[in-house]
Amino acid sequence: MQLHPNQLSALINQYFQKNFREFINTYRIENAKSLLLDPDAERWTIEAIAGESGFQSRSAFYQAFKTIEGVTPTQFKKSATRGV
């Protein structure tokens with residue numbers, strides 16, 4: 001893409017009604033949700049899943065997850081395993 005970062009940010013704001021950080025975190029949380037539900041990643045800690053999904057800290061991960069999903073990662077995982 002040959003766009004200035006400000007132009008890209010403006011396009012994201014216009015079409016997705018999100019700022020750049022919210023836009024990226026949406027994809028990061030989708031990755032984290034996949035890992036939380038993946039039996040092969042069952043032994044991973046929340047911190048490991050956060051790091052693998054691109055978050056630098058547990059608190060940033062929890063805050064973004066709760067904002068996007070309405071529950072914490074732990075609550076998400078527990079509710080998903082109950083439904084199985």
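Structure: above.
Presented here is an overview of the structure given in this document.

### Looking at the nonpolar core
Next up, step 1: Ranked by size, the top nonpolar core spans 14 residues in total, and within it Ile29, Leu36, Ile49, Phe55, Phe61 and Phe65 carry the most contacts.
Next up, step 2: Beyond its immediate chain neighbours, meaning those up to four positions away, phenylalanine 61 contacts Ile29, Ala32, Ile46, Ile49, Ala50, Phe55 and Pro73.

### Some points on the side chain of threonine 72
Next up, step 1: With respect to the secondary-structure elements, threonine 72 resides in the loop between helix 4 (58–69) and helix 5 (73–82).
Next up, step 2: Sequence-distant contacts of threonine 72, defined by excluding residues within four places in its chain, comprise Tyr62, Phe65 and Lys66.

### Quick notes on the pattern of salt bridges
Next up, step 1: For the structure on display, the rule yields three salt bridges.
Next up, step 2: Ionic pairing is found between lysine 33 and glutamate 30, a salt bridge with its closest N-O pair at 3.1 Å. Placement of both lysine 33 and glutamate 30 in helix 2 (residues 20–37) is noted, with a separation of three residues, approximately one turn of the helix.
Next up, step 3: Lysine 33 is the salt-bridge partner of glutamate 69, the closest N and O atoms lying 3.2 Å from each other. Linking glutamate 69 in helix 4 with lysine 33 in helix 2, this pair joins segments that are 36 residues apart in sequence.
Next up, step 4: The partly exposed category is assigned to glutamate 69, whose relative accessible area is 27%.

### Considerations on the packing of aromatic side chains
Next up, step 1: This structure, assessed with the given rule, holds six aromatic pairs.
Next up, step 2: Between the aromatic rings of phenylalanine 55 and phenylalanine 61, the centroid separation amounts to 5.3 Å while the plane-to-plane angle is 55 degrees, which identifies the pairing as tilted.
Next up, step 3: Since its relative accessible area comes to 7%, phenylalanine 55 is described here as buried.
Next up, step 4: For the pair phenylalanine 65 and phenylalanine 76, a centre-to-centre distance of 5.6 Å together with 65 degrees between the ring planes defines the contact as edge-to-face. Placement of the pair is phenylalanine 65 in helix 4 and phenylalanine 76 in helix 5, with a sequence separation of eleven residues. Here phenylalanine 65 matches phenylalanine 76 in class, with each residue buried.
Next up, step 5: The residue whose ring lies beneath arginine 28 is phenylalanine 55, and the NZ or CZ to ring-centre distance is 5.4 Å.

### Notes on the environment of glutamate 52
Next up, step 1: Looking at the secondary structure, you find glutamate 52 in helix 3 (residues 46–52).
Next up, step 2: By relative accessible area, which is 53% here, glutamate 52 ends up exposed.
Next up, step 3: For glutamate 52 and threonine 26, which are 26 residues apart along the polypeptide, the C-alpha to C-alpha distance reads 14 Å.
Next up, step 4: Apart from the residues lying within four places of it in its own chain, the contact partners of glutamate 52 are Asn31, Leu35 and Trp44.

### Observations concerning the packing of helix 2 against helix 4
Next up, step 1: Remark: helix 2 packs on helix 4, axes separated minimally by 10 Å, with the N-to-C direction vectors making an angle of 95 degrees. Comparing the axis directions of helix 2 and helix 4 gives the class roughly perpendicular. Together, Asn25, Thr26, Ile29, Glu30, Ala32, Lys33 and Leu36 of helix 2 and Phe61, Ala64, Phe65, Ile68 and Glu69 of helix 4 make up the contact between the two elements.

Thresholds applied
Residues numbered from 1 in each chain as written. Predicted model: local features only at pLDDT ≥ 70, side-chain atom pairs only at ≥ 80, totals over all residues. Heavy atoms only, no water. Core = buried A, V, L, I, M, F, W, Y, C linked by side-chain atoms within 4.5 Å. Buried < 20%, exposed > 50% of the residue type's maximum accessible area, 1.4 Å probe, protein only. Contact = heavy atoms within 4.5 Å. Helix = DSSP H or I, 4+ residues; strand = E, 2+ residues; numbered from the N terminus. Salt bridge = Lys/Arg side-chain N within 4 Å of Asp/Glu carboxyl O. Phe/Tyr/Trp six-rings, centres within 6.5 Å; stacked < 30°, edge-to-face > 60°. Lys NZ or Arg CZ within 6 Å of the ring centre and 35° of its normal. Axes fitted to C-alpha atoms, helices over the stretch in contact; angles between N-to-C directions. Parallel < 35°, antiparallel > 145°, perpendicular 65-115°, else oblique.

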